[in-house]
Amino acid sequence: MNGVRRLRASSEQPHRGRTPSEWGPALIFLLPSIAVLGTFNFYPALYSLYLSLFEWNGLNPQRTFVGLENYARLIGSGEFWNALRVTLVYAAGVTLTALLLGVGVAVLLNQPIRGRAFYRVLYFLPVITPTVATGVVWKYLFDPTQGVINRGLGGVGIVGPSWLSDPAWALAAVILVGIWKRVGFNMVVYLAALQSIPKTYYEAAAIDGASPWQQFRYITLPLLAPTTFFLVVTALIDAFQVFDLVYVMTAGGPLTATDVMGYYLYRYGFRYSELGFASAIAYVMFALIFVVTVLQFRFSRGGGQVDR
Amino acid sequence: MKGTWFKAVVFALVMLLGLGVAQKLTFWHYWDGANGQALQALIERYQKDNPGVSIEAVFVPGSELLTKLQTAITARQTPTMAISDLVAMPLLTRSGALAPLDDYIRQGTLNLADYFAGPLVYGVFQGRRYSLPVSASNLGLFWNKNLFRQAGLDPNRPPRNWDELLSFARQIKERTGKWGIELFTQGGEGTTWQTQVYFWGAGAEFLNANNTAPAFNSAQGVRALQFLVDLVQKEKVATVAPWGLFGRGEAAMVMDGSWMTQFFPQQVNFELGAAAFPFAPGGRAATNMGGEQVFIFQSSEAATVRAAWNFIQWFSSTPVQVEWNRNTGFLPVRRSVASDPAYRAWVGNARPLMRPFVDSMAVARPRPPVTRYPQISDIFARYVQEALLGRLSPQDALNRAAQEITPLLR
């Protein structure tokens, strides 16, 4: 939504200049938030950039300046590329699937069916459930012998895998939970968007003889494009930073099958006490998310302006 | 004349106040529940016997204590004393923030020779001692007597070596369909510290004598890992699955910690046995060990450090440690506690499953006290998993682990 608003703002509102006399009062009004953000966001973030040039374990009185060595070490390490690959697979899997399911559920729950509100709440519940609790419960569901999933599969004659202990299945299991947690949010945002599409479009299309599929394809989907854009950006940013789910469900394992960037960073920063190297990981993560966001703004500009 | 008198009175008052006002000490720890209460009770008694001292015990969740200590050291806002899991001691001793204890120990009443060798390995840096062990735990064998009976085994006879362990496990799998033994296969330190027991039991070492290079990829090490891989891949008496099979009665034996002598009896619905963990034929008895160490932060005020030391010395004395271990279920760090008649009587009556764990303290070995141990442990565990899953041979897995770990020990 942010992106959409910004695009509108730049073209719809006339640019107003500011006189120098406005700066003083503006600064005073901004001071509280500058102080808070500065202390708790900007200073630590910049300090972390500074730390990424050092080798430091957080306790040693001496920090060794190593320049860009932490970054070089990162690029040269197989662990980093593995973490990047796992993160991309997770991000793509969760973002795309949750998007498709989200729009599907939203369209269905936009119909006048009985118990609509109930179903909407049901789909939204995972979003507001704490991730740690979610992870713990799914861990039980995925248990190879006692878990509901494998018992269910056993009921139809399939021997389910040892989900979270099998390197081939663990990431898929975590992605599944990621999707489950994301669909409800996508649904709510899509529902809002669907309800803002004027009924007249559909009526006109119906009179012209458009089938329900054609109506969906040529009216609904294009008008949902800005929403989709917003959801893709936020979902990708979310997915790139996934940590808690992995921490609770698999601790990055088995082997390195679910070692997403967030967990990789955590391992080095908080378990191996390599604060410099972990800061370098954080900045590479930041750069990646930044690039992805910029690319999306570029590619989606057309889509973002359809509804104007 | 009057002025001098006045000065003298003021001076005397100040002196009295200095003595009278309590020496305030803060003590950061992560002992919760009954353990925290046991600590508080001891502190209160100490304060009553030593009116000049007041100790404020501050509870910090275990997962946060090291981070909090890091912040405190960086900000120079340290407490008077604190505890830490022994694995973090190498980092802490190198921080330059801890007070060396050697002089206090030399002048004091504490006999270090009475301590078990394992816990004392921690807390030493460049020949100086910065911390003392105050609690311990270790690993042993638990078995399910009901499953042993069902399999036609003597329910009161645990396996004494790996050959028996394997033959018992086979018989259990054959007769009951349950797993013979549960292994911790989920990686991380959980996998490493259990696997180390098998390695030591086969006569292998984890690192070389001065902790500068891996030693686990020796012939004995390969033998130990091969034994574990065979349990899973060849004999199929163990499996790669989430932890918890033993507690649910799906595996007949497990390696678990001394603390479980308290928790298993409340959790399981079968009859339990506990014993020292069996070792390889021709190997040696060995177990792994956890626990906490206590240390004092450097302070410009010598009296504060001295007061903290006095408390630690009292806390570490045999009678107080007997009481401490009885109230917490921690294993003794001192031989005089482990052999204390009152303590042994308590174990026999209240915690009979714990006796083999107490006796194993004599063969409990420390994980190597190196700063990068957490990372080394993760790498080692990952290659153990590779071998257990049959993706690498034990020899290859251990060689590759050694290759990755070597640069971390430089």
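Calculation rules
- Residues numbered from 1 in each chain as written.
- Chains lettered and ligands numbered in written order.
- Predicted model: local features only at pLDDT ≥ 70, side-chain atom pairs only at ≥ 80, totals over all residues.
- Heavy atoms only, no water.
- Contact = heavy atoms within 4.5 Å.
- Buried area = accessible area lost by both parts, 1.4 Å probe.
- Salt bridge = Lys/Arg side-chain N within 4 Å of Asp/Glu carboxyl O.
- Polar contact = N/O pair within 3.5 Å; in protein donor to acceptor, adjacent residues only side chain to side chain.
- Nonpolar A, V, L, I, M, F, W, Y, C, P; charged D, E, K, R; others polar.
- Buried < 20%, exposed > 50% of the residue type's maximum accessible area, 1.4 Å probe, protein only.
- Helix = DSSP H or I, 4+ residues; strand = E, 2+ residues; numbered from the N terminus.
- pLDDT = per-residue confidence, 0-100.
- Domains from an automatic or database assignment.

### With respect to the interface of chain A and chain B
Next, step 1: Contacts between chain A and chain B engage 24 residues on the former and 23 residues on the latter.
Next, step 2: Regarding the contact of chain A and chain B, the summed buried area is about 2100 Å², with carbon and sulfur atoms giving 52% of it.
Next, step 3: When the buried surface of chain A facing chain B is broken down by residue, L59(A), L255(A) and Y272(A) rank first, second and third, together holding 33% of it.
Next, step 4: Linking chain A with chain B are 4 salt bridges.
Next, step 5: In this structure, R372(B) engages E274(A) in a salt bridge whose closest nitrogen and oxygen atoms are separated by 2.8 Å.
Next, step 6: Taken together, chain A and chain B are joined by 11 residue pairs in polar contact (both at pLDDT 80 or more).
Next, step 7: The class makeup of the residues in the side of chain A that touches chain B is 9 nonpolar, 9 polar and 6 charged.

### A look at helix 13 (residues 318-328) of chain B
Next, step 1: Those residues of helix 13 of chain B not exposed but buried are T318(B), V320(B), Q321(B), V322(B), W324(B), N325(B) and T328(B).
Next, step 2: At the exit of helix 13 of chain B stands G329(B), carrying a positive phi of roughly 80°.

### Looking at the environment of N138(B)
Residue and element names in this part refer to chain B.
Next, step 1: Residue placement: N138 occurs in strand 6 (residues 131-144).
Next, step 2: Expressed as a C-alpha distance, the spacing of N138 and L331, which sit 193 residues apart in the sequence, is 7.9 Å.
Next, step 3: Ignoring any residue separated from it by four or fewer positions in sequence, one finds N138 in contact with D256, G257, S258, T287, N288, M289, L331, F357, S360 and M361.
Next, step 4: From its side chain, N138 meets the backbone oxygen of F357 in a polar contact 3.0 Å long.

### What to know about the confidence of the model for chain A
All names here are of chain A.
Next, step 1: For chain A, the mean per-residue pLDDT works out to 88, and 91% of the residues sit at or above 70.
Next, step 2: Note on residues 1-12: pLDDT is under 50 here. Beyond four places in sequence and across chains, it has 12 contacts.
Next, step 3: Contacts from residues 303-308, a stretch scored under 50 in pLDDT, to residues over four places away or in other chains number 11 contacts.

### Side note on the pattern of salt bridges
If the charged atoms of two oppositely charged side chains come close together, the side chains can form a pair.
Next, step 1: Applying the stated rule across the entire model yields 21 salt bridges over all chains.
Next, step 2: Between D259(A) and R267(A) there is a salt bridge, and its shortest N-O distance comes to 2.6 Å. Here D259(A) matches R267(A) in class, with each residue buried.
Next, step 3: The closest approach of N and O atoms between E235(B) and R170(B), which form a salt bridge, is 2.8 Å.

### Some details on the domain arrangement of chain B
All names here are of chain B.
Next, step 1: Taken domain by domain, chain B consists of domain 1 (26-137 + 290-360) and domain 2 (139-288 + 366-409).
Next, step 2: Its C-alpha centre places domain 1 at a distance of 29 Å from the equivalent point of domain 2.
Next, step 3: In this complex, domain 1 contributes 18 residues to the contact, which on the side of domain 2 involves 25 residues.
Next, step 4: Around 1700 Å² of area is buried between domain 1 and domain 2 when both sides are counted, 71% of it from carbon and sulfur atoms.
Next, step 5: When the buried surface of domain 1 facing domain 2 is broken down by residue, V87, L353 and F357 rank first, second and third, together holding 35% of it.
Next, step 6: On the surface where domain 1 and domain 2 come into contact, there are 0 salt bridges.
Next, step 7: At the junction of domain 1 with domain 2, the criterion picks out 1 residue pair in polar contact (both at pLDDT 80 or more).
Next, step 8: Going through the elements one at a time, helix 4 (89-93) and helix 16 (355-360) are the ones with two or more residues in the side of domain 1 that touches domain 2.
Next, step 9: Broken down by element, the residue count for the side of domain 1 that touches domain 2 peaks at 3 residues, all from helix 16.
Next, step 10: A class-by-class count of the residues in the side of domain 1 that touches domain 2 yields 11 nonpolar, 5 polar and 2 charged.

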